[in-house]
Every structure is written in C-alpha cells, then in structure tokens.
Amino acid sequence: MAIRNIREMGDSVLNKKCKEVTEMTDRTRELIDDMFETMYEAQGVGLAAPQVGILKRIVVIDVTGEDPILLINPVILETSGEQTGGEGCLSVPGKSGIVTRPNYVKVKAYDEDLNPFVVEGTELLARAFCHEIDHLDGHLYVEKVEGELVDVEAEEEE
Ligand code: ZN
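All figures in this text were calculated on a predicted structure; none of them were measured in a lab.

Reading the values: rules and limits
- Residues numbered from 1 in each chain as written.
- Predicted model: local features only at pLDDT ≥ 70, side-chain atom pairs only at ≥ 80, totals over all residues.
- Heavy atoms only, no water.
- Pairing = 2+ DSSP bridges.
- Helix = DSSP H or I, 4+ residues; strand = E, 2+ residues; numbered from the N terminus.
- Axes fitted to C-alpha atoms, helices over the stretch in contact; angles between N-to-C directions.
- Contact = heavy atoms within 4.5 Å.
- Donors = N, O, S within 2.8 Å, 3.2 Å for Na, K, Ca; no water.
- Buried < 20%, exposed > 50% of the residue type's maximum accessible area, 1.4 Å probe, protein only.
- Patch = residues over 30% accessible without salt bridge, like charges linked within 9 Å, V, L, I, M, F, W, Y side chains within 5 Å.
- Areas by Shrake-Rupley, 256 points an atom, 1.4 Å probe, with all protein chains shown as cover.
- Salt bridge = Lys/Arg side-chain N within 4 Å of Asp/Glu carboxyl O.
- Phe/Tyr/Trp six-rings, centres within 6.5 Å; stacked < 30°, edge-to-face > 60°.
- Expected span 1.5 Å × (residues − 1).

1. Section: the sheet that holds strand 3 (residues 69-80)
So, point 1. Pairing is antiparallel in the open sheet, where 5 strands are placed in the order 1-2-3-6-7. At either margin of the open sheet sits one strand with a lone partner, and together these are strand 1 (46-48) and strand 7 (116-122). Going from strand to strand, the sheet's axes swing by 40° on average, the running direction of each strand aside.
So, point 2. Pairing analysis gives 6 bridges linking strand 3 to strand 6 (residues 104-110), with the strands arranged antiparallel. The residue bridging Ile72 from the neighbouring strand is Tyr110, located in strand 6.
So, point 3. Set on the sheet, helix 1 (residues 26-41) makes contact with strand 1, strand 2 (58-61) and strand 3; between it and strand 2 the angle comes to about 35°.

Below is the structure:
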C-alpha cells in the first residue's frame, strides 16, 4: 500500500467524468487499498479516485473511522429530506463551506468482487455519498456552496 498524492482544486483531473469499472484487476485492487490509506492518512471521511488522479468510478468513505465503505460505479437510487451544514474536501485544503444535501441517500454500488449491493445513509454519511459521487462526474462541492468558502483553523478540522 502507498499514500498517493491528493490533487487539489485547479487540477483539471478533478473536472473530468470518470469511467465505469468493468473488471477487477490487481492494479485496481491496489488503487483501492491506496485510496483507503490516503484517506485515513489525510484524516478525511471520503476520497474519490479522481482526487488521486485516476478517472475511475471508485469511492472510499469512512465517517466513523471504523466503518470503511467501498463504492464502485455508485448510483444514487433515492434521496429524501434536507440537511444544511459545513462541508470540506481534501482537494480544497483549509476551506469549508455551507452546502445543502439530502438527509437520506440510498446508493447502489459494486463491491471489490464486482457484486452489486445497496447501502443507505443519513446525515454525515448521506452527505459523504453525495459529495464523493459528485467527484466522479467532475463536480466539487465549491460549486454548491451557499455564501463564501471560509478558512478553517487546523485544530477545528474534522
Ligand atoms: Zn471532495
């Protein structure tokens, strides 16, 4: 496993649409391992493949630090409710902004063996699903911020 370099806003790889994963290879398994390691090292709650420069529809999420979720080719099936709150991104370091997202999100995705499954989340997990899946279509949360991006003090970062 290895820590990969996280691409930052302004890098055009973050604005591209990612391709579906159609077969699992050793190379892709290594990418997934590296994405988890990179996310934990950066103390993030989610990371999408384009953030490490790879245009594949792969997302890793862990909102508690002990509940890793891998989503391959994720699709949002259902949303409900609304939550408005602060959001940040490892590709936009030191900043946060207010974004409104659904409070409940149901996602269909594929696991590491390319078997389909459905996963649901509320609150922070629902927010993470939306944020990370947006990355796969080349979108950053800054496009959705209400008001201005604000600077985050290092000690206040989640
Ligand atoms: Zn992000």
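2. Thoughts on the coordination of the zinc ion
So, point 1. Taken together, the protein ligands of the zinc ion are Cys89 (SG), His131 (NE2) and His135 (NE2), with distances of 2.0 to 2.3 Å.
So, point 2. Mapped onto the sequence, the residues coordinating the zinc ion show the spacing C-x41-H-x3-H. With a gap of 42 residues between them, Cys89 in the loop between strand 4 (83-87) and strand 5 (95-101) and His131 in helix 2 (residues 123-136) connect regions that are remote in the sequence. For the residue pair Cys89 and His131, the accessibility class agrees, reading buried in each case.

3. Topic: a nonpolar patch on the surface
So, point 1. A cluster of nonpolar side chains, Val75, Leu77 and Val118, forms an exposed patch at the surface whose accessible area comes to about 260 Å².
So, point 2. By secondary structure assignment, the location of Leu77 is in strand 3.

4. Some thoughts on the packing of aromatic side chains
So, point 1. Per the counting criterion, the structure on display carries 1 aromatic pair.
So, point 2. Centroid distance Phe36 to Tyr40: 6.3 Å. Interplanar angle 20°. Geometry classified as stacked. Taken together, the residues span about one helical turn, with Phe36 and Tyr40 both in helix 1 at a distance of 4 residues.
So, point 3. We classify Phe36 as buried; its relative accessible area is 16%.
So, point 4. Look at Tyr40 and you get partly exposed, because its relative accessible area is 36%.

5. What to know about unusual backbone geometry
So, point 1. The backbone of Asn73 shows a phi angle near 50°, a positive value even though the residue is not glycine.
So, point 2. Within the secondary structure, Asn73 sits in strand 3.
So, point 3. Given a relative accessible area of 8%, Asn73 falls into the buried group.
So, point 4. If you check the backbone angles, Glu123 has positive phi at about 50° while not being a glycine.
So, point 5. Summarising the element assignment, Glu123 is placed in helix 2.

6. What to know about the sheet that holds strand 4
So, point 1. A sheet is described by the order of its strands in space; here 3 strands give the open sequence 4-5-8, paired in antiparallel fashion. Of all strands in the sheet, those with a lone pairing partner are strand 4 and strand 8 (146-151), marking the two edges. Within the sheet, the average angular offset between the axes of one strand and its neighbour, ignoring direction, is 25°.
So, point 2. Two elements, strand 4 and strand 5, share 5 bridges in a ladder whose sense is antiparallel.

7. Focus: helix 1
So, point 1. For helix 1, spanning 16 residues, the distance from its first C-alpha to its last is 22 Å, which sits close to the expected 22 Å at 1.5 Å a residue.
So, point 2. Of the surrounding secondary structure, the elements contacted by the buried residues of helix 1 are strand 1, strand 2 and strand 3.

8. A short note on the environment of Glu30
So, point 1. Here Glu30 shows up in helix 1.
So, point 2. Each C-alpha atom of the pair Glu30 and Met1 lies 6.8 Å from the other, and the pair is 29 residues apart in sequence.

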